[in-house]
Amino acid sequence: MRKLFSWLRPPPGAEAASLYAAIVAQARDKHWYVEGKVADDVDGRFGILSTLIALTVLRLERGEEEAVRGSVALTEAFIADMDAQMREEGFDAGLGKQVRSMVGALAARVDRWRFAEEAEGSADQWREAARWSIFRDAEPDEAALTYVSEQLRRFAERIEGESDQLLLRGDL
């Protein structure tokens, strides 16, 4: 009987749809791929998106109860979008494994950025988190790494200064 009325509930992550859309818009900004020299491919775009999501999840976790719930909804929105994107690309076989891998990549980024944030003021930790989170196995040039690292720091500072309510509405 529960399944019969499941259409009455919003899909997973719907509560964070505006915030998720705002983060996706940030991840699509050309400056990451031009000045930051992030690869403009699936891996590069995933790196930017999942990193911005990770930084936002960490910010929401430091908020009030509604913000903490919003961090879960944001993660659910990410999972739902990745599932839809994979289906659209025709990855029906083994889809669950692929989506779990993406969720694991997001969780690893959350952990890495949590460590970088806890190392208050450590530019080296922040740069290393940016290198690992965005460029992965590629070795970026210093200018690109500096640019991306500073842009991520600005993003984190901007969302840190937002109220929980504005952030949850997607006002970035």
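Everything discussed here concerns the structure shown above.
Draft legend 1. Focus on the pattern of salt bridges. Applying the stated criterion across every chain yields a total of 12 salt bridges. Put simply, Arg62 and Glu160 hold a salt bridge, and the shortest N to O gap is 2.5 Å. Placement of Arg62 in the loop between α2 (42-61) and α3 (65-88) and of Glu160 in helix α6 (residues 142-160) is noted, with a sequence separation of 98 residues between them. Judged by its relative accessible area of 44%, Arg62 falls in the partly exposed class. In this structure, Glu128 engages Arg112 in a salt bridge whose closest nitrogen and oxygen atoms are separated by 3.9 Å. Here Glu128, found in helix α5 (residues 123-135), pairs with Arg112, found in helix α4 (residues 95-118); they are 16 residues apart in sequence, far enough to count as distant. Accessibility expressed as a relative area gives 33% for Glu128, which makes it partly exposed. Here the residues in one salt-bridge network are Glu61, Asp111 and Arg114, joined through shared partners.

Draft legend 2. Up close: the packing of α2 against α6. Two elements in contact, α2 and α6, have axes separated by 10 Å at closest approach and are oriented at 30°. Here α2 and α6 pass one another in a crossing that is right-handed. Contact residues: Thr51, Leu52, Leu55, Thr56 and Arg59 in α2; Leu152, Phe155, Ala156, Ile159 and Glu160 in α6. Considered class by class, the residues forming the contact of α2 with α6 number six nonpolar, two polar and two charged.

Draft legend 3. Highlighting the nonpolar core. Among the nonpolar cores identified, the biggest contains 45 residues, and Tyr20, Leu49, Ile53, Leu74, Trp113 and Leu152 are the most heavily contacted of them. Mapped by element, the contributors of at least two residues to this core are α1 (17-28), α2, α3, α4, α5, α6 and α7 (164-168). Broken down by element, this core gets its largest block of residues, 10 residues, from α2. Discounting residues that sit within four places of it in the chain, Leu74 has contacts with Ala16, Leu19, Tyr20, Ile23, Ile53, Thr56, Val57 and Leu60.

Draft legend 4. Here's a closer look at the side chain of Ser149. The topology assignment puts Ser149 in helix α6. Classification of Ser149 by relative accessible area gives buried; the value is 2%.

Draft legend 5. Summary view of unusual backbone geometry. Here Lys37, not a glycine, exhibits a phi torsion of approximately 55°, which is positive. Along the chain, Lys37 falls in the loop between α1 and α2. You can call Lys37 partly exposed: its relative accessible area is 49%. Within the chain, Arg136 stands out as a residue other than glycine whose phi angle is a positive 50°. Its location among the elements puts Arg136 in the loop between α5 and α6. We classify Arg136 as partly exposed; its relative accessible area is 37%.

Calculation rules
Numbering of residues starts from 1 in each chain and follows the order in which that chain's sequence is written. For a predicted model such as this one, the threshold for reporting local features is a pLDDT of at least 70, and the threshold for listing and counting side-chain atom pairs is 80 or more; totals across whole chains, interfaces and linings nevertheless cover every residue. Only heavy atoms go into the side-chain values, all of them from the structure, while hydrogens and water stay out. We count a salt bridge whenever a side-chain nitrogen from Lys or Arg sits within 4 Å of a carboxyl oxygen from Asp or Glu. Each helix corresponds to a stretch of at least 4 residues labelled H or I by DSSP, and each strand to a stretch of at least 2 residues labelled E; elements are numbered beginning at the N terminus. The cut-offs for exposure are 20% and 50% of the maximum accessible area for each residue type, with area from a 1.4 Å probe on protein chains only; residues under the lower value are buried, those over the upper are exposed, and the others partly exposed. Every angle, taken between N-to-C directions, lies between 0 and 180 degrees, and every axis is a line fitted to C-alpha atoms, over only the stretch in contact when it is a helix. Left-handed describes a crossing whose near helix is turned anticlockwise from the far helix through less than a right angle; right-handed describes the clockwise counterpart. Should any heavy atoms of two residues lie within 4.5 Å, those residues are considered in contact. Here the term charged refers only to Asp, Glu, Lys and Arg, the term nonpolar to Ala, Val, Leu, Ile, Met, Phe, Trp, Tyr, Cys and Pro, and the term polar to all other amino acids, Gly among them. Take the buried Ala, Val, Leu, Ile, Met, Phe, Trp, Tyr and Cys residues and link them wherever side-chain atoms come within 4.5 Å; each set so joined is a nonpolar core.

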